[in-house]
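Read off the chains here:
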Amino acid sequence: MEFKILSDSNEEILELRNQAFVVEKNVPINIEFDGKDAEYMHFCLYDDEMLVGCARGNKEDDFLHVGRVTVKTNLRG
């Protein structure tokens, strides 16, 4: 497993979030993809160079706000 922090989302992150939140959880697409990804750090977990989990977070004052946390469906549990 490899952990990476990215400064913006990419196609892999968007695809994983779409599957988890829009398709599985029925989150409206305009809420999930709010246009703010460039304002956040993206914490990504890779297994054999394949994205298996991600979250986004931003620092506000002395706090790190984390959200959009997901793991590939077949690896949850």
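Residues numbered from 1 in each chain as written. Predicted model: local features only at pLDDT ≥ 70, side-chain atom pairs only at ≥ 80, totals over all residues. Heavy atoms only, no water.

1. Overview of the pairing of strand β3 (residues 50–60)
Across the 11 residues of β3, eight count as buried, placing the element largely inside the fold. Two elements, strand β2 (residues 41–47) and β3, share seven bridges in a ladder whose sense is antiparallel. Counted as the bridge partner of Phe43 is Ala55 from β3. Pairing analysis gives seven bridges linking β3 to strand β4 (residues 63–71), with the strands arranged antiparallel. Following the sheet pairing, Glu60 is matched in β4 by Phe63. Here β3 hands over to β4 after two residues, with Asp61 in that stretch at a positive phi of 60 degrees. (Buried < 20%, exposed > 50% of the residue type's maximum accessible area, 1.4 Å probe, protein only. Helix = DSSP H or I, 4+ residues; strand = E, 2+ residues; numbered from the N terminus. Pairing = 2+ DSSP bridges.)

2. Describing the side chain of Arg17
Looking at the secondary structure, you find Arg17 in helix α1 (residues 11–24). If we ignore the near neighbours within four places in the chain, the residues touching Arg17 are Val22, Glu32, Phe33, Asp37, His42, Cys54, Arg56, Arg68 and Thr70. (Contact = heavy atoms within 4.5 Å.)

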